[in-house]
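Residue-level structure breakdown
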Amino acid sequence: MNKKIMAAISMILVFSFLFAFTGCNSTTEEETTTTTITAKTPLPTDVTTSFNEEESLVITDTTYSPEQLAANTVTIFEYFNLHINELKGVKASVEMGQDKSIGKAKDAEGNEVAMSDNDYINAAITTLDSYMLKTDGASLEYGEDLVPFLPVKGASYVSAITLDEVESATCVDTDGQRVITVTLKSPALPATIEKAYDMGNVDEIMAEFEKANAYLTATKPTLTYKDCQIIITANVETDEVHTIQYVKNIDVATDVTGQGSLADMGTVPVTFRYSNTVTYTLDRTNPAETTVAAE
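Residues numbered from 1 in each chain as written. Predicted model: local features only at pLDDT ≥ 70, side-chain atom pairs only at ≥ 80, totals over all residues. Heavy atoms only, no water.

**Digging into the overall build of the protein chain**
We apply this condition: A run of H or I in DSSP becomes a helix once it reaches four residues, and a run of E becomes a strand once it reaches two; helices and strands are each numbered from the N terminus. Each residue is placed in one exposure class: buried if its accessible area under a 1.4 Å probe, protein chains only, is under 20% of its type's maximum, exposed if it is over 50%, and partly exposed if it falls in between. Contacts: residue pairs with any heavy atoms within 4.5 Å of one another. Per-residue and other accessible areas were derived by the Shrake-Rupley procedure at a 1.4 Å probe size, with only the shown protein chains allowed to occlude residues.
Counting its secondary structure elements, the protein chain contains six helices and 10 strands. Counting all 295 residues of the protein chain, 33% fall into the buried class. In the protein chain, 71% of the contacts between residues at least 6 apart in sequence involve partners at least 24 apart. For the protein chain, the accessible area works out to roughly 17900 Å², and carbon and sulfur atoms hold 53% of it.

Shown next, in the form of structure tokens:
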């Protein structure tokens, strides 16, 4: 009897250990949740990106034909104009920052062009990039009127650009953020630029030349607007625009004539690119509601 009891107990212990080890080796799979972002206004995106794990490269592909891209430009531009114009009635605080630079102009093929044949003039113009250009910002408090602050300043609209003035309009949606890039036709007409922008000009640069009248003089410049863009960033789910970026590039052509000790220099044709990018960041948070919530 004792042997049978001992055998039974041994069997129970064996099964107990088996179950115990089974419990130790089992793993609980973590539940993974995928958040699906639904766009309030679905738009065609003509650029797709994928990650090549083997080469650790991000691959960017344009997947549409020229005909489809042209159709996308119409759809995306209509979205752009609609939502950027709505900003005039938005309640938000706004921060404006800008970046200015001077560099080499570009030809029709996009190749850089030498500023001039004179190294002295080239060095003087390049120095303006860090010495003279101001990049002061500005801000607007929540509740103030946005119309006189956002381009076009003082007007009752934000954008009056038409489709005929646009080279392309692209849309990229990533992680709930939508980036619309509108590229103006190059060279852009001054009338188009006046409607699209109200910031930055080359007057301050030409004024710098006037300070050196004892050594050189510059003729009235010819301005060519190239590669100008307006970029908006919006929330995919709400269509609310929270960033506007105006990119203006001006190719400046002038003649510089040496004076005084530089008279032997003669007259030198000069061409350079003046770039001005202004970014407006909107915060729609009502400070009064934030204060109440904190109390």
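**Here we look at unusual backbone geometry**
In this structure, the amide linkage connecting Ser186 to the following residue, Pro187, adopts the cis form with an omega of -10°. Not every positive phi belongs to a glycine, and Asp175 is a case in point at roughly 50°. Along the polypeptide, Asp175 turns up in the loop between β5 (166-174) and β6 (177-184). Residue Asp175 is classed as exposed on the basis of its relative accessible area, which comes to 75%.

**Thoughts on the environment of Asp46**
Within the fold, Asp46 resides in the loop between α1 (2-25) and β1 (47-52). For Asp46, a relative accessible area of 5% corresponds to the buried category. Residues Asp46 and Thr62, spaced 16 residues apart in sequence, show a C-alpha to C-alpha distance of 5.9 Å. Ignoring sequence-local partners within four residues, the contact set of Asp46 consists of Asp61, Thr62, Thr63, Tyr64, Leu69, Asn72, Ala169, Thr170 and Cys171.

**Side note on the environment of Thr192**
Residue placement: Thr192 occurs in helix α4 (residues 190-196). Each C-alpha atom, one on Thr192 and one on Ile161, is 6.9 Å from the other, the two residues being 31 residues apart in sequence. Beyond its immediate sequence surroundings of up to four residues, Thr192 is in contact with Glu165 and Leu184.

**Quick word on helix α5 (residues 203-210)**
Inclusion rule: Arc definition: directions from the helix axis to the C-beta atoms.
Residues of α5 that are buried include every one of Ile205, Met206, Glu208 and Phe209, and no others. The buried residues of α5 occupy an angular sector of 145° when the element is viewed end-on, so they sit on one face. In α5, the exposed positions angled more than 90 degrees off the buried face are occupied by Asp203 and Glu210.

**With respect to the packing of aromatic side chains**
Note the threshold: Each Phe, Tyr or Trp ring (for Trp, its six-membered ring) is paired with any other whose centre lies within 6.5 Å, and the angle between the two planes then decides the class: stacked below 30 degrees, edge-to-face above 60, tilted in between. Only Lys NZ and Arg CZ are tested; either one counts as a charge over a ring when it is within 6 Å of the ring centre and within 35 degrees of the ring normal.
Applying the stated criterion across every chain, the model contains three aromatic pairs. When the ring of Tyr246 is compared with that of Tyr280, the centres are 6.1 Å apart and the planes differ by 90°; the resulting orientation is edge-to-face. Taken as a pair, Tyr246 in strand β9 (residues 241-258) and Tyr280 in strand β10 (residues 267-283) lie far apart in primary sequence, 34 residues in all. An aromatic cluster is built from Phe149, Tyr246 and Tyr280, whose rings are joined through pairwise contacts. Geometry around Tyr79 places Arg178 over its ring, the cationic atom sitting 5.1 Å from the centre.

**A word on the pairing of β6**
Basically, it comes down to this: Two strands make a pair as long as DSSP finds a minimum of two bridges between them.
Burial within β6 is extensive, with six of its eight residues counted as buried. Inspection of the sheet shows β5 paired to β6 by eight bridges, in the antiparallel sense. From the neighbouring strand, Asp173 faces β6, where its bridge partner is Arg178. The hairpin formed by β5 and β6 contains two residues between the paired strands, and Asp175 there has a positive phi angle of roughly 50°. Across seven bridges, the pairing between β6 and strand β8 (residues 222-235) is antiparallel. From the neighbouring strand, Val182 faces β8, where its bridge partner is Ile230.

**A few points about helix α2 (residues 66-85)**
For the record, the criterion: The span one expects for a helix is its residue count, reduced by one, times 1.5 Å.
A rise of 1.5 Å per residue sets the reference length of α2, with its 20 residues, at 28 Å; its end C-alpha atoms lie 28 Å apart and thus fit the reference within 8%. Regarding α2, the residues found buried are Asn72, Thr73, Ile76, Phe77, Tyr79, Phe80, Asn81, His83 and Ile84. Those residues of α2 hidden inside the fold are in contact with β5, β6, β8 and β9.

**Concerning the nonpolar core**
Put simply, the test is: By nonpolar core we mean a set of buried residues, namely Ala, Val, Leu, Ile, Met, Phe, Trp, Tyr and Cys, connected to one another through side-chain atoms within 4.5 Å.
Ile84, Ile180, Ile230, Ile244, Phe272 and Tyr280 are the most contacted members of the largest nonpolar core, which totals 57 residues. The greatest single-element share of this core, amounting to seven residues, is contributed by β10. Setting aside its immediate chain neighbours within four residues, Ile230 contacts Phe80, Ile84, Ile161, Ile180, Thr181, Val182, Ala196, Tyr197, Ile244, Gln245 and Tyr246.

**Some details on the pattern of salt bridges**
We count it as follows: We define a salt bridge as a contact between a side-chain nitrogen of Lys or Arg and a carboxyl oxygen of Asp or Glu at a distance within 4 Å.
Within this structure, the stated rule accounts for seven salt bridges. As a salt-bridge pair, Arg273 and Asp227 come within 3.0 Å of each other at their nearest N and O atoms. Of the two residues, Arg273 is situated in strand β10 and Asp227 in strand β8; the sequence distance between them amounts to 46 residues. Judged by its relative accessible area of 37%, Asp227 falls in the partly exposed class. Arg273 is the salt-bridge partner of Asp251, the closest N and O atoms lying 2.7 Å from each other. Separated by 22 residues along the polypeptide, Asp251 in strand β9 and Arg273 in strand β10 bring together distant segments of the chain.

On their own, these measurements won't tell you what the molecule is for.
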